[in-house]
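Chains, contacts and geometry: an overview
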Amino acid sequence: MPDFSPIDFAVPFFVVLVLIEMIWARRRRPESYEPRDTLTSLAFGLGSSVAGLVTGGAVLALSLWLYQFRIFDFGDEWWSVWWAWPLCFVLDDLGYYVFHRCAHRVRWFWASHVNHHSSQHYNLSTALRQSWTGFFALSFIFRIPLTLVGFHPAMILFVGAFNLIYQFWIHTEAIGRMPRWFEAVMNTPSHHRVHHATNPLYLDRNYAGTFIVWDRLFGTFQAETESERIRYGIVRQLGTFNLLWSVFHEWVGIAQDVWRAPWRHKLPYLWRPPGWTHDGSRETSDMIRERWLEHGRAASDDMEKTVPNDNPIAGQEKPA
Amino acid sequence: MGAAAQFVASLAAILVLAWIAHRMGLGRDVRIRDADHAKGLADEVICGFAADDAAVDDAGRAALVRDRNGRTVLIKVHGAQFSGRLLGAGSTASVREDHGRTVLEIDTGERLFGRVTLDIDRPDNWVQCINPAKAGHHA
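- Looking at an unreviewed UniProt entry, chain A carries the name Sterol desaturase family protein, with the source organism given as Allopontixanthobacter sediminis.
- Regarding chain A, the relevant UniProt record gives this comment under Subcellular location (unreviewed entry): "Endomembrane system".

See below:
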């Protein structure tokens, strides 16, 4: 069993790639970076590493305890079962998809995951904008099923680290589209730009970690379109670079909502989608998308009504 | 390397990266160009916001956009992007003198979003829209 953390080895490459992307940005798109935003994102990454060091031991201890209840046993030399590694990677990626979808659809998990989305920029430093409160949000529970199936916790951590490393390079506007076969199977910068967008068409789409096939399978895939200029960030942009507010704002929001809500509406503020309110005063992403579609329909209806008046030929018959 | 040393090295690295981004002149000096631009930005804050009227700060650093239902959206420049808020019950507006100019100051009620100052024509009209109970109040 290799005794090293892949992420520790990847960090120097991350730094070099951020520098290369900055050089690209200076020449081609200076607006893709903003120094204060970059500083906030990198501070997120540092804080997240510290949080991981503090809480990682507890997660590993829990996983090792649960491992004794495993369904399948790969034996004492589990690391030598070569096919278990790719299988574990693929299943862990499926688990990541489930986690990621919940992280966008359940406000409790969103309160932690929103950190990754709160930048209005999309560059490699955004990839390092990781949550400080993942442990508190119980995000680790999504990896428990793999432990119970029989994959050793160390193997799960190892493949999970590679999954995280893979996701680094897709946080860029410097790469347009990859070859068609690659876009069909793998998560790419194009697919993940959609995921970070706040445009109604793109909200809550493309949850994939490494393999985009999960989104295609479960109906959450949305291709990037040329006609839609992407706006990054969150529906209600923070409007500040304050690090601590950026980290904890959604937790504060949950606490305020739960405090103010009538008793029977308190708990739904934890498990309902972000934006849900008991009095309808805010909007979920589904509501925003529905209103956007309604506007689109209304606009096309108006077009239909005006065409016969403006166009004598079209006026002879109903538009197709 | 010990954890503390690793932390200090990482902190130094992120400060250096942010400094390099600053020295390279990354980011951009964005401005709200005109009323149409402001209306488009309001639609990004509230999807489908049917803007009726807009006032853009002289320097283009902020704008107010109103719809037919009397709702008002405040837009401000935030770094190299824009950020906005639908002004609600917790928002207040006041007019004050600033270097011989009468400017409008908006407090969204969110401390970290910050107060936004706009140098616009007829600021009193917007005060009445945003906080009718305090119309005409000069801070």
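1. Quick notes on the nonpolar core
- Within the largest apolar cluster, 22 residues are counted, with the highest numbers of intra-cluster contacts made by Phe74(A), Trp78(A), Ala84(A), Trp85(A), Cys88(A), Phe151(A) and Met155(A).
- Membership of the second largest hydrophobic core comes to 18 residues, among which are Ala10(A), Phe14(A), Ile14(B) and Leu26(B).

2. Topic: the domain arrangement of chain B
- Domain annotation of chain B identifies domain 1 (1-29) and domain 2 (35-134).
- When each unit is reduced to the centre of its C-alpha atoms, the spacing between domain 1 of chain B and domain 2 of chain B is 35 Å.

3. Remarks on the sheet that holds strand β6 (residues 101-107) of chain B
All names here are of chain B.
- As summarised here, the arrangement of the three strands in space is β5-β6-β7, forming an open sheet in which the pairing is antiparallel. Across the chains shown, the open sheet's two edge strands, defined by having one partner strand only, are β5 (92-98) and β7 (115-118). Averaged over all neighbouring strand pairs, the angle between strand axes comes to 30°, with direction disregarded.
- This element, helix α3 (residues 123-130), spans β5 and β6 of the sheet and lies at about 160° to β5.

4. Focus: the environment of Pro153(A)
Residue and element names in this part refer to chain A.
- Tracing the sequence through the fold places Pro153 in helix α7 (residues 153-166).
- Accessibility expressed as a relative area gives 3% for Pro153, which makes it buried.
- Distance in space between the C-alpha atoms of Pro153 and Trp65 is 9.8 Å, their sequence separation being 88 residues.
- Beyond its immediate sequence surroundings of up to four residues, Pro153 is in contact with Leu60, Ser63, Leu64, Tyr67 and Thr147.

5. Quick notes on the sheet that holds strand β4 (residues 81-86) of chain B
Residue and element names in this part refer to chain B.
- What the four strands build is an open sheet, ordered β1-β2-β3-β4; its pairing is antiparallel. The sheet is open, and its two edges are formed by β1 (51-56) and β4, each paired on a single side. Mean inter-strand twist for the sheet, computed between neighbouring axes without regard to direction, equals 20°.
- In the sheet, β1 pairs with strand β2 (residues 62-67) via five bridges, with the strands oriented antiparallel. When the sheet's bridge partners are listed, Ala55 is paired in β2 with Leu64.
- Set on the sheet, helix α2 (residues 35-45) makes contact with β1, β2, β3 (72-78) and β4; between it and β1 the angle comes to about 115°.

6. Notes on the packing of helix α2 (residues 35-67) of chain A against helix α11 (residues 243-260) of chain A
Residues and elements named next belong to chain A.
- Between α2 and α11, whose axes approach to 9 Å, the crossing angle comes to 65°. In terms of crossing hand, the pair formed by α2 and α11 is right-handed. Contacts from Thr40, Ala43 and Phe44 of α2 reach α11 at Leu243, Ser246 and Val247.
- Split into classes, the residues belonging to the contact of α2 with α11 amount to four nonpolar, two polar and no charged.

7. Considerations on the UniProt feature "transmembrane region" (unreviewed entry) in chain A
- Under the UniProt annotation, the feature "transmembrane region" (unreviewed entry) is placed at residues 6-24, 44-67, 79-99 and 150-170 of chain A.
- Split by type, residues 79-99 of chain A is 76% helix and 0% strand. Its first and last C-alpha atoms lie 26 Å apart.

8. Overview of the interface of chain A and chain B
- On the chain B side, the residues contacting the 37 residues of chain A number 30 residues.
- With both sides pooled, the region where chain A packs onto chain B buries about 2900 Å², and carbon together with sulfur makes up 67% of that total.
- The three residues of chain A that bury the most area against chain B are Pro35(A), Leu46(A) and Gln120(A), which together make up 18% of that side's buried surface.
- Where chain A packs against chain B, one counts three salt bridges.
- At the surface where chain A touches chain B, the tally comes to nine residue pairs in polar contact (both at pLDDT 80 or more).
- Elements supplying a minimum of two residues to the side of chain A that touches chain B: α1 (6-28), α2 and α14 (285-310) of chain A.
- Residue composition of the side of chain A that touches chain B, by class: 21 nonpolar, seven polar and nine charged.

9. Some points on the environment of Trp85(A)
All names here are of chain A.
- Position of Trp85 among the secondary structure elements: in helix α3 (residues 84-105).
- A relative accessible area of 17% places Trp85 in the buried class.
- Once the C-alpha coordinates of Trp85 and Ile156 are considered, the two residues, 71 residues apart in sequence, prove to be 8.9 Å apart.

10. Quick word on the state of the cysteines
Residue and element names in this part refer to chain A.
- Taken as a whole, this structure holds zero disulfides over all chains when the rule is applied.
- The closest cysteine sulfur to the non-disulfide-bonded Cys88 is located on Cys102, 19 Å from its own sulfur.
- We classify Cys102 as partly exposed; its relative accessible area is 23%.

Cut-offs and rules
Residues numbered from 1 in each chain as written. Chains lettered and ligands numbered in written order. Predicted model: local features only at pLDDT ≥ 70, side-chain atom pairs only at ≥ 80, totals over all residues. Heavy atoms only, no water. UniProt positions renumbered as here; feature names shortened; annotations may be inferred. Core = buried A, V, L, I, M, F, W, Y, C linked by side-chain atoms within 4.5 Å. Buried < 20%, exposed > 50% of the residue type's maximum accessible area, 1.4 Å probe, protein only. Domains from an automatic or database assignment. Pairing = 2+ DSSP bridges. Helix = DSSP H or I, 4+ residues; strand = E, 2+ residues; numbered from the N terminus. Axes fitted to C-alpha atoms, helices over the stretch in contact; angles between N-to-C directions. Contact = heavy atoms within 4.5 Å. Left-handed = near helix turned anticlockwise from the far one by under 90°. Nonpolar A, V, L, I, M, F, W, Y, C, P; charged D, E, K, R; others polar. Buried area = accessible area lost by both parts, 1.4 Å probe. Salt bridge = Lys/Arg side-chain N within 4 Å of Asp/Glu carboxyl O. Polar contact = N/O pair within 3.5 Å; in protein donor to acceptor, adjacent residues only side chain to side chain. Disulfide = S-S within 2.5 Å.

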